Amino acid sequence: MPIAHPNLHLTRLGGAIPAWLGEIEPDDLLPVCRNVSDGGGRLVALWGSDARGDVGVRGNGFVLHVALVNESGLICLSMALDAGQPAYPDISRVFPAAGRMQRATYDLLGIYAHEGHDHRKWLRHGAWHGFPLRKDFDAAQSRTDEPDAYPFVQVEGQGVHEIPVGPVHAGTIEPGHFRFSVVGEKVLRLEERLGYTHKGIEKRFESLTLQQGAKLAGRVSGDSTVAYAWAYAMAAESIAAVKPPERALWLRALFLERERIANHLGDLGYLGNDVALAFGFAQFWILKEQVLRNNAALFGHRYLMDKIMPGGVAADLAESGKQTLRDECAMLEREVRLLRGIYEEHAGMQDRFIAAGRVEPKLAAQLGLCGLAGRASAQAWDARVQFPCAPYDRLDVQMATYRNGDVAARVIVRFDELFESLRLQREILGRLAHEGAQEDARPEPLEKLPGNGFGVGMVEGWRGEVLVAIHTGADGKLARVHPHDPSWQNWPALEHAVLGNIVPDFPLINKSFNLSYSGQDL
Amino acid sequence: MENTNPTLGILFQLYQSLLVVLLAPLLTGWVNQCRAWLQNRSGPGLLQPFRTLRKLFHKDAVIAHNASPLFRVTPYILFGCMWLAAAIIPIIAVDLPFSPAADVIALVGVFALARMFIALAAMDIGTAFGSLGARREMLVSFLAEPALLMVLFSASLISHSTQLPRIVEVLAHQQFVLYPSLAFAALAFVIVLLAENARIPVDNPSTHLELTMIHEAMILEYSARHLALIEWAGSLKLFAYISLGIALFFPHGIAEVGNWGAVPAAILALLGKLLLAGAGLALLETLLAKMRIFRAPEFLGTAFLLAVLGLLIHFLLGA
């Protein structure tokens, strides 16, 4: 059992990762959260579902779901809420990252945290009224043009002024609003306002078939399409109690590592560009482009979209393709080693990187910083290492961690992970030859799930852990799908990272996290 | 300095004025092209700045409701100042009719005038970025200006004049002497050139990150013909600075007073120097990363120090 609590009965979920499911009473939620937090665990995701129409489901109301993680695995708790007064205890006191998730859950479903201290809209932006994720929601009647007032926290004092930035930026990037309170160039406070790319993904899932859902899951955040598609497939396979072919699993790992390689290359280039070292930008992007072109040539899509489907994969690798990838590996290792030397010896660049945007390990632990940014602040979490699903259980992934928590640390972690991913890719290519070589990686796709099922998948994407939870209705159709991006945890940490830095360093610090807007606005 | 042939002089002044206004975007294009080559990119070609200008002149200007007339006239003032500065620096021949105006201190004043207007226009609209850019521009320029004056004084002390034609005449045509003081001044001048023209490592002319901008932040609200004039003025300013560097430190090849026959060779020499200077600038910009904004005072302090060293060397060693 991952946690001991007298009123909590957990049942082990089948599937690729160690996960438990349990029902919980409102009074027990905070103690259990504290228990997990004290044991070094974290909050992964928080979402809600509308169970008012379901026959035989407890309470006939709403359900709150909380996914926690500790060293033994993923713990999914669900709590029945009253239909008339759907309130639950505020857990942002234990897990600060819960704050925005609770606000978003209210905007979508109308369930709210008791004594929550922040009741501002998060996703809604005055564009609709009502709660879209309720089953009786009528989209046609919901349009509204409410004034979009959002009270930012004001900083008072002599010489303090505000700089509003975005959501439309000078460059072609995703929309987000950043409100800086500054004295001169020094940042006293940063407040983010996101939600500009809300597009109703969770609502859309409700009307899709399992296979259509896989496509949509792969489009939650384009740069992490493999991680999302795998997490979705993992959740579906967990409900259906299906194990994909061995060869498909090796190919999935290959895709995931290639996604990591491409994104890390791109980010390292961008980090060069942000300190005006356009040379680094051009070099890394030539390499990234080569990886993407190989993806297109071998698997049919530059970003490997729709290549992972519930039940298996939708692409295979021929013997000739393996040689292409081995050559690519050798080329990348040689070039990246050279470029790493240039980055590390460039005094002007290191001067910008070192000590910029520091998140101390203690703060990182409090905020639940996860993924790549977490590992740069000594938060040693990597789902490939701690909860290795097949085939990672046979790969022995080396986790890259660093203590400094500044931009330089996030650059180093990226370099280390890049080399590790190249090593893994080589290893996978070797294993593909004899493990499950006779199998077809593309079996009959999974079409139907059992009714009233719940499954969860968690995959270590390049940015951090991506979680997808699937609830099926009595008819086995998708009743509720919740994709969770690691950006939920890391966006609030960025507000802390930038404190005490100067305004022109913000873009660099932001880029060193490189968080997703689309992935968390859903 | 007397002019040997007034009509020819005026014609030539007109010719140089037209030449600089056309050469300036070409020089910017050349610098960008070199940068692209150094980064393994193919680059947009030399004529890209002209294409950008044509595009901008064909667009309708969008101006904020609360813009004052100052905001509208600033692009013209800026363009006028920079054109004047670029036109009066003797880069081909020294006996231009406007040359008495080419006083180095006046030149610094012309640059300051343009800067004052653009900074005021940036704050005129009242956006956060305009004020941010204006504030940073003032931080950089008030440190760059004294360094530039010190550089110019080093040259003035050698030639006993603050008039550029006279300085060029002395340095290029009287006797061939190497001045150690000018070597220090030249180093200082390069630093000032980078800072004043919003180049790396002080500013990044090609950035899209609005929070890091200095010069670009000031002109974010400009569009169409106004933006075109500002861009053109930016090219002219870079051209003027490089011309100034050529006139002070590499004047050899500039035609002497009355020697109109040397003009074609002087034009060729100028083109060669511009190509070299542009390539050098691109190389510097490729090698350097942008520094934290609060390193800029140290950087420009170094320029001032070098320029003062040049002056001291002149006084102590008479060189």
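Cut-off values and rules
Residues numbered from 1 in each chain as written. Chains lettered and ligands numbered in written order. Predicted model: local features only at pLDDT ≥ 70, side-chain atom pairs only at ≥ 80, totals over all residues. Contact = placed C-beta atoms within 7 Å. Helix = DSSP H or I, 4+ residues; strand = E, 2+ residues; numbered from the N terminus. Nonpolar A, V, L, I, M, F, W, Y, C, P; charged D, E, K, R; others polar. Axes fitted to C-alpha atoms, helices over the stretch in contact; angles between N-to-C directions. Parallel < 35°, antiparallel > 145°, perpendicular 65-115°, else oblique. Pairing = 2+ DSSP bridges. Buried ≥ 20, exposed ≤ 12 C-beta atoms within 10 Å, placed from the backbone.

Chain A puts 27 residues into the contact, and the matching count from chain B is 23 residues. Secondary structure elements with two or more residues in the side of chain A that touches chain B: β8 (160–165), α7 (278–299), α9 (347–353) and α15 (506–513) of chain A. Counting residues per element, the side of chain A that touches chain B draws most heavily on α7 of chain A, which supplies 5 residues. For the side of chain A that touches chain B, a count of residues per class yields 17 nonpolar, 5 polar and 5 charged.

All names here are of chain A. Here the amide bond leading from A390 into P391 is cis, since omega sits at 5°, within 30 degrees of zero. With respect to the helices and strands, the residue P391 is situated in the loop between α12 (383–386) and α13 (407–434). Positive phi values are uncommon outside glycine, yet N452 reaches one of about 50°. Among the secondary structure elements, N452 is positioned in the loop between α13 and β13 (454–460).

Residues and elements named next belong to chain B. Viewed as axis vectors pointing N to C, helix α1 (residues 6–38) and helix α2 (residues 48–57) meet at an angle of 125°, and their least axial separation amounts to 7 Å. Taken together, the axes of α1 and α2 are oblique relative to one another. Across the interface between the two elements, P25, T28, G29 and N32 from α1 touch Q48, P49, F50 and L53 from α2.

So, on to the sheet that holds strand β9 (residues 177–183) of chain A. Residue and element names in this part refer to chain A. In spatial order, the strands read β8-β9-β10; together these 3 strands make up an open sheet with antiparallel pairing. This sheet does not close on itself; its edge strands, each paired only once, are β8 and β10 (186–193). Shown here is a sheet whose adjacent strand axes are inclined to one another by a mean of 20°, direction ignored. With 6 bridges joining them, β8 and β9 adopt antiparallel strand pairing. Residue V165 lies in a different strand from β9, and its bridge partner there is F178.

Moving on to helix α14 (residues 487–497) of chain A. Buried residues dominate α14 of chain A, accounting for 8 of its 11 residues. Residues of α14 of chain A that are buried: S487, W488, Q489, N490, W491, A493, L494 and A497 of chain A.

Residues and elements named next belong to chain A. One open sheet accounts for 5 strands, arranged β1-β2-β5-β4-β3; its pairing is mixed. Because the sheet does not close on itself, it has two edges, and the strands there are β1 (9–13) and β3 (42–50). Shown here is a sheet whose adjacent strand axes are inclined to one another by a mean of 25°, direction ignored. By the bridge criterion, 5 bridges tie strand β2 (residues 19–23) to strand β5 (residues 73–81) in an arrangement that is parallel.

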